[in-house]
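Residues per chain are reported as follows:
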Amino acid sequence: MVGGMKDAPVIVLLHALGASARSFDAVVDRLAGYACIAIDLPGFGNAVGDTDFTVEEMADHVAAIIRARIDGPWVIVGHSMGGKIATILAARSEHGALPGLAGVVLIAASPPSPEPIDDDRRAMMIGWAAKGPLTEDEATNFVSENIAAPLPDAVMAAAVVDVRRSDSAAWLAWLERGSREDWSGRIGVLHLPALIVAGSADGDLGEANQRRLNAPHYANADVAVIDGAAHLMPLEQPAAVADLIRQHVAIAVATRPTIPPHFARLIASDRVSARTRAILIDRARPDAVDYVPHVLSSGQLATLRALMARVIPQEEGAIDLAARIDARLHAGEGDGWRFADLPADADAYRAGLDTLDRAAGAGGFAGLDDERRDALLMRIEDGDCLVVTDATLSPAQMALWFEDVRADGVRIWLAHPATMARIGYDGIASGGDGWRKQGFAKTRADDPERWEPRATKERLR
Amino acid sequence: MKLDQMRRYAATDMVDAVVIGTGAGGAPLLARLAQAGLKVVALEAGPNREPGDHTPDETAAGELYWMDERLSDGAMPQAFGGNNSGTGVGGSTLHWGAFCPRPDARDLRLRSLTGEGVDWPIRHDELIAYIEEVERFIGVSGPADYPWDTARRYPLPPVARNASADAMAAGCAALGIVTTDAPAAVVSRDWQQEGGDLRQACVNCGTCHQGCRNAAKTSMDTTYLPLAVAHGAEIRPGCMATGIERDARGRVTAVVYVRDGIEHRQRCGAVFLCGGGVETPRLLLHLGLANSSGQVGRNFMAHVATQVWGRFDAEMRCNRGYPSSLISEDMLRAEGAGFIGGYLMQSLGVLPMTLATTMARGGRRWGRGLTALMDDYLHLAGIGINGECLPHDDNCLTLANETDAFGLPKARVTFGYNANERAIDAHATDTMIAIWRAAGAHDIMVLPRAAHTIGTCRMGESGDAAVVDPWGRSFDIDNLWICDNSIFPSSLAANPALTIMALSLRTADRFLKGQ
Ligand SMILES: Cc1cc2nc3c(=O)[nH]c(=O)nc-3n(C[C@H](O)[C@H](O)[C@H](O)COP(=O)(O)OP(=O)(O)OC[C@H]3O[C@@H](n4cnc5c(N)ncnc54)[C@H](O)[C@@H]3O)c2cc1C
Ligand code: SF4
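What counts, and at which threshold
Residues numbered from 1 in each chain as written. Chains lettered and ligands numbered in written order. Predicted model: local features only at pLDDT ≥ 70, side-chain atom pairs only at ≥ 80, totals over all residues. Heavy atoms only, no water. Helix = DSSP H or I, 4+ residues; strand = E, 2+ residues; numbered from the N terminus. Buried < 20%, exposed > 50% of the residue type's maximum accessible area, 1.4 Å probe, protein only. Contact = heavy atoms within 4.5 Å. Areas by Shrake-Rupley, 256 points an atom, 1.4 Å probe, with all protein chains shown as cover. Rg over C-alpha atoms; globule rule 2.2 N^0.38 Å. Lys, Arg positive; Asp, Glu negative; His and termini not counted. Charge placed at Lys NZ, Arg CZ, Asp CG, Glu CD. Pairing = 2+ DSSP bridges. Near = heavy atom within 4 Å. Polar contact = N/O pair within 3.5 Å; in protein donor to acceptor, adjacent residues only side chain to side chain. Nonpolar A, V, L, I, M, F, W, Y, C, P; charged D, E, K, R; others polar. Axes fitted to C-alpha atoms, helices over the stretch in contact; angles between N-to-C directions. Domains from an automatic or database assignment. Salt bridge = Lys/Arg side-chain N within 4 Å of Asp/Glu carboxyl O.

1. A short note on the overall build of chain A
- Each helix and strand in chain A was counted, giving 20 helices and 7 strands.
- Principal-axis analysis of the C-alpha atoms places the extent of chain A at approximately 85 × 55 × 40 Å.
- Burial analysis of chain A (461 residues in total) assigns 59% to the buried set.
- Sequence-distant contacts in chain A: of pairs separated by 6 or more residues, those separated by 24 or more amount to 78%.
- Surface summary for chain A: the accessible area is close to 18200 Å², and the carbon and sulfur share equals 51%.

Written out as structure tokens, the structure reads:
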């Protein structure tokens with residue numbers, strides 16, 4: 001297993017056509033503290049001789065390395081051809097097959113749909129390889145065409161060597177087939193946080209096509225453009241690439257309550273039914289960083305977030321409970337009853353949050369420090385919050401509403417598989433889809449079954 | 001359940017009976033009438049499912065609950081939804097806990113014995129005969145010797161005990177309280193269901209409240225309803241009964257229902273209203289039917305269902321195993337108690353979300369106090385009671401000013417404990433705390449709670465004070481019958497479903513006699 005900073009994700013890097021793992025050397029140097037695994041794809045770099053050239057096989061090749069070497073969260077970075085492989089792996093991960101992926105960085109990435117390449121150019125590149133390994137001139141031409149400004153000599157030389165040592169069969173497999181395969185339907189829309197990087201001077205895989213072909217597959221994507229770079233950004237501007245990766249890893253870690261790999265493997269196992277697995281994976285999708293509320297105003301959402309921070313304090317990788325409550329109110333999903341003394345759920349939330357803000361004074365609830373927030377909530381709980389002018393809920397109603405808030409918050413928190421892992425609850429794995437369900441053979445105290453995980457908290461002890 | 005091969009009737013067919021609701025009250029009588037050769041159609045508001053469709057995921061399992069909004073008030077507003085009502089072919093038995101003690105003879109005669117409460121208009125031995133029939137049919141697992149009723153025998157050996165049960169057994173033993181394996185309507189061995197499919201032995205998965213994927217737990221869709229369909233009954237899922245048509249003499253002629261937004265009517269010779277303790281009175285109040293006594297909606301009852309939880313040094317994993325595998329009937333009549341009636345105790349396994357909801361609501365927990373508690377989930381275990389609730393005038397169901405998606409007024413349920421329930425609650429709380437201390441629990445927590453929706457259409461000897469007669473027939477409309485939790489005159493300490501199923505067969509027999 002590889003390891004870098006404690007709990008930091010491992011960064012997996014996939015190179016472009018004709019390149020190799022070492023095309024990321026200068027980037028990796030600048031990611032000190034992170035464990036990085038740059039992988040030679042079959043037919044390239046040190047993996048020449050390996051014949052798993054199809055897109056699917058390349059993805060399998062990478063997946064096998066990840067399974068063998070990573071036992072925690074990871075982020076995938078894909079450059080050009082490697083970008084298409086990265087997206088396929090991201091989809092596998094979201095569907096439960098490859099646990100632990102926290103974020104995706106695409107650099108001038110080839111999209112899941114057929115890559116837009118000028119026909120003449122494709123024909124020329126195929127012609128180079130059709131007769132065997134590329135000549136020095138052809139390789140130099142290929143690299144030069146893909147950069148905005150000359151590279152340092154040593155970098156240029158290494159890049160040309162990489163092109164020349166590529167297996168021409170792998171080169172052709174990508175140009176004739178892999179780059180043309182249409183995976184877009186199978187990929188659908190992914191929810192992992194993604195960063196899509198384009199070079200300002202790139203051609204077919206520049207910003208416009210990145211927005212058109214890659215961005216629609218990621219519901220939570222940012223697009224960044226590196227000025228003065230063309231297609232070979234890791235070689236051209238390694239510092240800028242490393243900075244973007246570093247920033248995105250921070251965001252990915254912060255926005256994602258991670259499901260630890262042992263629990264993700266449990267969810268993927270045959271002890272969990274297909275229906276339950278789909279439910280859990282769906283619920284584990286990261287919250288949108290810029291969630292726009294449907295039922296609450298953005299001010300009310302901010303107050304609800306501040307309230308949730310006290311009702312269900314979460315240390316790291318917080319689940320956006322407030323956004324999830326708003327989404328639930330929007331979907332009209334009640335729980336079958338309500339206090340007769342409260343208005344309908346959405347109205348009660350709006351009125352409760354407004355009253356809370358007024359009772360908190362000039363800066364609103366979010367303006368209070370933790371101690372004052374808790375003091376106010378204790379009074380509300382006791383039915384004794386200040387009667388404030390313009391308040392829409394009375395103190396007695398506020399006490400009832402606060403009870404609903406507590407229940408809603410804790411339910412949404414516990415519904416998340418990351419929380420199940422945290423508390424060690426594995427009842428979701430009590431039976432798969434076989435004719436006989438597994439259930440539990442052991443039911444007594446201090447007698448876990450061999451497969452049963454412990455609470456994350458205890459695992460850390 | 002499989003419905004593709006079932007017999008179907010046209011709306012213009014004059015069927016012998018329409019049954020509204022396919023839960024514990026509706027299903028057994030549907031089967032009995034079909035077996036007798038009658039043409040019967042059941043209308044069920046909820047959908048039809050296969051056992052394999054269920055999921056242990058607590059949020060998703062909310063699909064089994066009746067989620068149309070009800071308004072709750074009074075001193076102890078009742079949580080509906082997941083706490084106490086279900087929908088779908090099988091009704092609340094899809095997610096019930098299958099804990100099935102028998103009703104105690106003394107509980108049926110509270111008025112005669114204590115001067116308080118009410119008597120049931122049914123003899124205990126007659127009820128027990130029906131209960132034994134139900135137990136044999138659905139396959140109840142229980143101990144070989146039942147300490148409080150030595151003659152009793154169960155068709156199947158008990159299900160496995162879990163960590164909560166062991167803790168309760170130890171705590172009770174230390175205090176001299178008798179316990180035994182709980183009677184559970186769960187098959188502890190593979191069971192070829194008469195009229196239905198093979199029901200697999202319980203695998204201790206612990207998710208009974210989310211629906212049993214093995215059909216080990218009795219639910220109507222794996223027991224009485226397949227039998228009914230095998231004998232020619234038709235079950236129509238997704239059909240919400242909204243009206244009852246009558247002729248000039250006031251007798252029922254048809255039931256009006258809504259399916260996919262379209263109104264239909266089914267002609268029938270009689271109707272059995274089995275919608276449960278909330279929907280049955282709501283429909284009757286809305287239609288203004290069968291209420292010359294003024295008793296429809298009155299005397300709403302909910303069992304005192306206080307729980308006591310604690311943290312154990314050992315890892316309990318109380319989600320594993322059949323959730324309530326231990327019982328004590330010692331407190332059915334507690335010595336020197338200042339209340340009438342009594343309570344049953346049971347060990348508890350509860351899944352995290354359900355437990356945390358009770359902690360957050362009744363337990364008033366939030367902040368670190370709540371998250372730290374749930375971080376210890378693997379070490380928590382609980383014990384709870386089911387205690388007598390007497391009928392009381394202040395506790396009732398009325399119609400709210402708001403309407404639901406069908407245009408029917410929403411139910412408003414007003415509930416609070418009175419002196420007897422408060423005394424039971426206090427006694428049980430002390431007892432359970434003592435048991436949990438003796439069992440070695442730390443950080444003991446009391447969670448006030450009430451459960452089940454009982455009463456609102458009580459049965460009795462006289463039409464002045466009751467909605468239905470001792471067999472469930474309306475005093476006002478002679479071809480309208482009610483069979484569900486609403487007809488209970490008092491709550492009984494025993495959990496209700498077994499008694500409801502028994503009453504259902506008895507009502508069917510009475511109806512058949514009159515045919
Ligand atoms: C979480 C939980 C655990 C429980 N555990 C136990 C236990 O361990 N032991 C026990 O004895 N009891 C238990 N119970 C209680 C038991 O499930 C109920 O008492 C019993 O099922 C009630 O039967 P019923 O016929 O009155 O109503 P239900 O079983 O609720 O059936 C009513 C049916 O009628 C349908 N319906 C209602 N209105 C209409 C309409 N207008 N048109 C068409 N259909 C309609 C509903 O959809 C529903 O399917 C539990 C209940 C819950 C909620
Ligand atoms: S514990 Fe037994 S009865 Fe309950 S759901 Fe699991 S298999 Fe079914």
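Having seen it, we continue.
2. Digging into the overall build of chain B
- Helix and strand counts for chain B stand at 10 helices and 21 strands.
- Relative to the 2.2 N^0.38 estimate, which gives 24 Å for 515 residues, the radius of gyration of chain B is 22 Å and therefore close to what a compact globule would have.
- Principal axes of the C-alpha set define a box for chain B whose edges measure 65 × 50 × 45 Å.
- Within chain B, the fraction of its 515 residues that count as buried is 67%.
- Look at the contacts in chain B between residues 6 or more apart in sequence, and 75% of them connect residues 24 or more apart.
- When the accessible surface of chain B is summed, it comes to about 16100 Å², and 48% of that surface belongs to carbon and sulfur atoms.
- In chain B, 47 side chains carry a positive charge and 58 a negative one; their mean positions are 2 Å apart.

3. A look at the pairing of strand β1 (residues 10-14) of chain A
Residues and elements named next belong to chain A.
- Within β1, 5 of the 5 residues are buried, which leaves the element mostly enclosed by the surrounding structure.
- Burial of the side chains of β1 extends over both faces: Val10, Val12 and Leu14 are buried on one face and Ile11 and Leu13 on the other.
- The pairing of β1 with strand β3 (residues 74-79) spans 5 bridges and is classified as parallel. Counted as the bridge partner of Leu14 is Gly78 from β3.
- Bridging between β1 and strand β2 (residues 36-39) involves 4 bridges; their strand directions are parallel.

4. Comments concerning the site of ligand 1
All names here are of chain B.
- What surrounds ligand 1 is a group of 39 residues, the closest being Gly25, Glu44, Thr87, Ser92 and His95.
- Thr87 places a side-chain nitrogen or oxygen 2.7 Å from an oxygen atom of ligand 1.
- One of the backbone nitrogen or oxygen atoms of Ala241 is found 2.9 Å away from a nitrogen atom of ligand 1.
- Protein contact buries 94% of the 990 Å² of open area that ligand 1 shows by itself.
- Elements represented by at least two residues in the shell around ligand 1 include exactly β8 (239-246), α6 (276-287) and α10 (497-514).
- By residue number, the principal contributor to the shell around ligand 1 is β8, which donates 3 residues.
- For the shell around ligand 1, the per-class residue count stands at 15 nonpolar, 21 polar and 3 charged.

5. Comments concerning the sheet that holds strand β21 (residues 480-482) of chain B
All names here are of chain B.
- With parallel pairing, 5 strands are arranged side by side in an open sheet as β7-β2-β1-β11-β21. Two strands close off the open sheet at either side, each with one partner strand: β7 (234-236) and β21. Sheet twist, expressed as the average angle between the axes of neighbouring strands with direction ignored, equals 20°.
- Running at roughly 165° to strand β2 (residues 40-43), helix α1 (residues 26-35) makes contact with β1 (17-20), β2, β7 and β11 (271-273) of the sheet.

6. Focus: the domain arrangement of chain A
- Entries for chain A in the domain assignment read domain 1 (10-255), domain 2 (261-279 + 419-460) and domain 3 (292-415).
- For domain 1 of chain A and domain 3 of chain A, the distance between their C-alpha centroids amounts to 45 Å.

7. Structural notes on helix α15 (residues 321-331) of chain A
Residue and element names in this part refer to chain A.
- With respect to burial, α15 is a largely interior element, 8 of its 11 residues being buried.
- Among the residues of α15, Leu321, Ala322, Ala323, Arg324, Ile325, Asp326, Arg328 and Leu329 are the ones counted as buried.
- Where the residues of α15 are buried, they touch α13 (274-283), α14 (298-311), α16 (345-360) and α18 (395-415).
- Gly332, located one to two residues past α15, shows a positive phi value of around 70°.

8. Focus on the interface of chain A and chain B
- If you look at the interface, chain A gives 67 residues, while chain B gives 67 residues.
- In this structure, Arg338(A) engages Glu402(B) in a salt bridge whose closest nitrogen and oxygen atoms are separated by 2.6 Å.
- Among the secondary structure elements, those contributing two or more residues to the side of chain A that touches chain B are α13, α14, β7 (337-339), α17 (370-381), α18, α19 (417-423) and α20 (456-460) of chain A.
- With 10 residues, the top contributor of residues to the side of chain A that touches chain B is α18(A).
- In terms of residue class, the side of chain A that touches chain B is made up of 26 nonpolar, 12 polar and 29 charged.
- Note: β7(A) against strand β3 (residues 70-73) of chain B, 3 bridges, orientation parallel.

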